[in-house]
Amino acid sequence: MTNKIDPCTLVLFGASGNLARVKLYPGLFRLDSLGRLPADLKIVGVGRQVVDLEAWRADIKSMLDAKFKKGYDQAVFERFIARNFYHANPPTDPDAFSKLKATLSDESVFPQNLAYFLSVRPVDFAPVVESLANVGLTQEDKYWRRVVIEKPFGTDLPSAKELQAAITKHLKESQIYRIDHYLGKSALQNILLQRFTNTVLEPIWNNQYIDHVQITNTEMLGVGDRTQFYDSTGALRDMLQSHILQTLALTAMEQPKDLSPEGVRDAKIKLLEEIRPIPVSELEKHAFRAQYAAGEINGEKVPGYLEELGNNDSVVETYAALKLFIDNPRWKGVPFYIRTAKRLHEADTRISIRFKKAPLQINDQDQNWLIIGIQPRECIKLEVQSKIPGLDVQTRTIQLDAANRWDSDDSVDAYEALLLNLMQGDNSNYLHISEAEAQWRLVDPVVKAWAEDKKPVHQYPAGSRDPEASKVIFEAEDQFWRYSIELGGDK
Ligand SMILES: NC(=O)c1ccc[n+]([C@@H]2O[C@H](COP(=O)([O-])OP(=O)(O)OC[C@H]3O[C@@H](n4cnc5c(N)ncnc54)[C@H](OP(=O)(O)O)[C@@H]3O)[C@@H](O)[C@H]2O)c1
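Just so we're clear, the structure is a prediction, and the values are computed from it rather than from any experiment.

**Examining the environment of lysine 270**
- By secondary structure assignment, the location of lysine 270 is in helix H10 (residues 261-274).
- What makes lysine 270 partly exposed here is its relative accessible area of 47%.
- Each C-alpha atom, one on lysine 270 and one on phenylalanine 80, is 41 Å from the other, the two residues being 190 residues apart in sequence.
- Only 2.9 Å separates the side chain of lysine 270 from the side chain of glutamate 274, close enough to count as a polar contact.

**A closer look at empty space enclosed by the protein**
- By the definition in use, this model includes one cavity of 30 Å³ or more.
- By volume, the largest cavity is sized at about 100 Å³.
- When contributions to the lining of the largest cavity are tallied by element, the ones reaching two or more residues are helix H9 (234-252) and helix H14 (433-452).
- Residues that form the lining of the largest cavity fall into these classes: seven nonpolar, three polar and four charged.

**Overview of the packing of H9 against H14**
- Contact pair H9 / H14: the axes reach a minimum separation of 10 Å and the direction vectors enclose 145°. The two elements H9 and H14 meet at a crossing, and its hand is right-handed. Contacts between H9 and H14 involve Leu236, Arg237, Gln241, Ser242, Leu245 and Gln246 from the first element and Glu435, Ala436, Gln439, Trp440, Leu442, Val443, Val446, Val447 and Trp450 from the second.
- Among the residues making up the contact of H9 with H14, the classes are represented as nine nonpolar, four polar and two charged.

**Quick notes on the pairing of strand S1 (residues 8-13)**
- For S1, a buried count of six out of six residues is recorded, marking the element as mostly surrounded by other parts of the structure.
- Alternating residues of S1 divide into Cys8, Leu10 and Leu12 and Thr9, Val11 and Phe13, and every residue in both groups is buried.
- Here six bridges tie S1 to strand S4 (residues 113-118), and the two strands are oriented parallel to one another. Note that in S4 the partner of valine 11 across the bridge is tyrosine 116.
- One ladder, built from five bridges, connects S1 with strand S2 (residues 42-47); its direction is parallel. Pairing of leucine 10 across the sheet is with isoleucine 43, part of S2.
- Assessed by its sense of winding, the connection that carries the chain from S1 through helix H1 (residues 18-33) to S2 is right-handed.

**With respect to the site of the ligand**
- The environment of the ligand is made up of 18 residues, and the closest members are Asn18, Leu19, Arg48, Val120 and Lys151.
- Taking arginine 48, its main chain carries an N or O atom lying 2.6 Å from an oxygen atom of the ligand.
- With respect to the ligand, the backbone of lysine 151 contributes an N or O atom lying 2.8 Å from an oxygen atom.
- Out of a free accessible area of 890 Å², the ligand has 73% covered by protein chains.
- Contributions of two or more residues to the shell around the ligand are made by H1 and S2.
- Partitioning the shell around the ligand into residue classes produces seven nonpolar, seven polar and four charged.

**Some remarks on the confidence of the model for the chain**
- Mean pLDDT over the chain works out to 95, with 98% of the residues at or above the 70 mark.
- Taken as a whole, residues 487-491 scores under 50 in pLDDT and shows twelve contacts with residues more than four places along the chain or in a different chain.

**So, the pattern of salt bridges**
- This structure, assessed with the given rule, holds 37 salt bridges.
- Aspartate 401 is paired through a salt bridge with arginine 377; the nearest N and O atoms lie 3.0 Å apart. One end of the pair, aspartate 401, is in strand S16 (residues 395-403); the other, arginine 377, is in the loop between strand S14 (369-375) and strand S15 (379-387), and 24 residues separate them in sequence.
- Salt bridges sharing common partners tie together Arg195, Glu202, Glu254 and Arg330.

**A look at the packing of helix H2 (residues 53-67) against helix H3 (residues 74-82)**
- Remark: H2 packs on H3, axes separated minimally by 11 Å, with the N-to-C direction vectors making an angle of 135°. Put simply, H2 runs oblique to H3. Read as a crossing pair, H2 and H3 show a hand that is right-handed. Contact with H2, carried on its side by Arg57, Ile60, Lys61 and Leu64, involves Phe77, Phe80, Ile81 and Ala82 of H3 and no other residues of that element.

**Here's the deal with the sheet that holds S14**
- One open sheet holds the nine strands; their spatial order is S16-S15-S14-S13-S7-S12-S11-S8-S17, and the pairing between them is mixed. If you trace the sheet from one side to the other, it starts and ends with S16 and strand S17 (459-461), each paired once. Pairwise comparison of adjacent strand axes, ignoring direction, gives a mean angle of 20° for this sheet.
- Bridging between strand S7 (residues 210-218) and strand S12 (residues 336-341) involves six bridges; their strand directions are parallel. Bridge pairing in S12 links glutamine 214 to tyrosine 337.
- Against the sheet, H9 makes contact with S7, strand S11 (319-324), S12 and strand S13 (348-355), and its axis sits at roughly 140° relative to S12, the strand it touches most.
- Running at roughly 55° to strand S8 (residues 287-293), H14 makes contact with S8 and S11 of the sheet.

**Some words on the environment of phenylalanine 29**
- Counting through the fold element by element, phenylalanine 29 comes out in helix H1.
- When the C-alpha positions of phenylalanine 29 and glutamine 365 are compared, they lie 52 Å apart, and in sequence the two are 336 residues distant.
- In contact with phenylalanine 29, other than residues within four places in its own chain, are Leu64, Phe68, Tyr72, Asp73, Val76, Phe77 and Phe80.

**Digging into the nonpolar core**
- Phe13, Leu248 and Leu324 are the most contacted members of the largest nonpolar core, which has 104 residues in total.
- Both domains that meet at this core, namely domain 1 (8-150) and domain 2 (183-413 + 448-473), each give it at least three residues.
- For leucine 248, the residues in contact, after removing those within four places along its chain, are Ile215, Leu271, Ile275, Leu324, Ile326, Phe336 and Ile338.
- Of all hydrophobic cores here, the second largest spans 37 residues; its members include Leu28, Trp56, Phe80 and Tyr415.

Reading guide: rules and limits
- Residues numbered from 1 in each chain as written.
- Predicted model: local features only at pLDDT ≥ 70, side-chain atom pairs only at ≥ 80, totals over all residues.
- Heavy atoms only, no water.
- Helix = DSSP H or I, 4+ residues; strand = E, 2+ residues; numbered from the N terminus.
- Buried < 20%, exposed > 50% of the residue type's maximum accessible area, 1.4 Å probe, protein only.
- Polar contact = N/O pair within 3.5 Å; in protein donor to acceptor, adjacent residues only side chain to side chain.
- 1 Å grid on protein atoms, 1.4 Å probe; cavity = no way out; pocket = protein on both sides within 12 Å on 5 of 7 lines; lining within 4 Å.
- Points joined across faces, edges and corners; volume = space filled by probe spheres on them.
- Nonpolar A, V, L, I, M, F, W, Y, C, P; charged D, E, K, R; others polar.
- Axes fitted to C-alpha atoms, helices over the stretch in contact; angles between N-to-C directions.
- Left-handed = near helix turned anticlockwise from the far one by under 90°.
- Contact = heavy atoms within 4.5 Å.
- Pairing = 2+ DSSP bridges.
- Right-handed = clockwise from strand over helix to strand, strands pointing away.
- Near = heavy atom within 4 Å.
- Areas by Shrake-Rupley, 256 points an atom, 1.4 Å probe, with all protein chains shown as cover.
- pLDDT = per-residue confidence, 0-100.
- Salt bridge = Lys/Arg side-chain N within 4 Å of Asp/Glu carboxyl O.
- Parallel < 35°, antiparallel > 145°, perpendicular 65-115°, else oblique.
- Core = buried A, V, L, I, M, F, W, Y, C linked by side-chain atoms within 4.5 Å.
- Domains from an automatic or database assignment.

In structure tokens form, the structure reads like this:
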């Protein structure tokens, strides 16, 4: 399905920042190469430095050169570069936004539908919206106005509500596009399609057949040079509160009434609001945190988190696991284990579903697993029991394993998909405020309890599997952390 795009101007705040350089400009260029940008689209980069147009276009070229090392089509480059403009917004200039308005009002150059992408620090989201509104640049009459708010939308429920209150003084919900870039991934969008365009999955997608679900994101990387950012955030807020809960929502939600933005978001909101609050009085049975200690990754010695941070007192987690229950008839009694970790033995994002014991038990056989790989491998794999050929009656586990991505498929970056959706006016892959709030409501009590508990945090050696102690959150003794795709030795 392709949606029509109105002529529009994309105004990119934070145009010389890291995200813009690495994702947004290269993403827009790729969309142009694919012929997906409207012919008259213009892009206005906004930054606080004064830069002339020639220097700005040269800077964009350097972003593309850094990204596309094998080169790119010169004709597309000429077309793309001609779309680009720059506007300086020095913080000392009280008229900066009036000048932006004056620039944009030149209809002979700039289409009047305006999409603002706020790729600025989170503290600047509300002030930029306010400044745009003060000069009338958020008002929709003949033309639309859309605003993308980068992640994170608040750092807890009160700050998310505060940000929401500040921006909704000037914007309607339909104008606000809150980013969770996981939703731009084809592999995430595929969860919904695989569940509901096949007859075989839906009938078994419930507590009658499913023992439990694991949603996992593990990395081999450490925090790198982001120690200060990481220590003020932690694994729970950085990954679980956002990407992993969205993955859970797509995995567990009811079938949307249709694939419209409202249909999809309504079904996700309903699901997120049905997740049972985590009981802080028994937190140790529902949540586990740890930090990586020194260890080895790919044969190389790496330091521990506290060492990298230079502060032994930090209780901020680099490993977070939660057990969740969903209070609806489909999922009654089914635990959902969600976890994320840095410096584990493998980098993998996947959904692992274990089915209940089969009625016929031949030997000490495995239960069926269905695994949906998100990254690095986009795949779907079903493990089934099958007779070992021979004279005896014995079974073994075999795999039906299929790639969701073929070599011939386009590899579209999440930001490319989201930028296109923005121009199309399709916000189904952006967060509704109710989703952001439900996610904070769920994790806030855990974040608070963990921050207040200053006991040293459990340590796991970098490059290891999950800490043994994390198993405390399992409901049943026969449950275990499921690893990636290979069979054997993976319990
Ligand atoms: N980088 C990522 O991969 C990533 C991932 C997830 C989320 N995000 C989010 O994306 C946003 C941008 O991240 P980033 O890594 O690109 O940050 P960054 O490198 O610090 O870039 C932010 C840019 O904003 C500009 N800026 C600040 N105030 C401005 C204003 N009032 N008007 C116009 N420009 C302004 C600054 O440039 P000048 O000094 O030139 O104005 C700076 O280059 C943040 O909200 C972050 O949380 C980023």
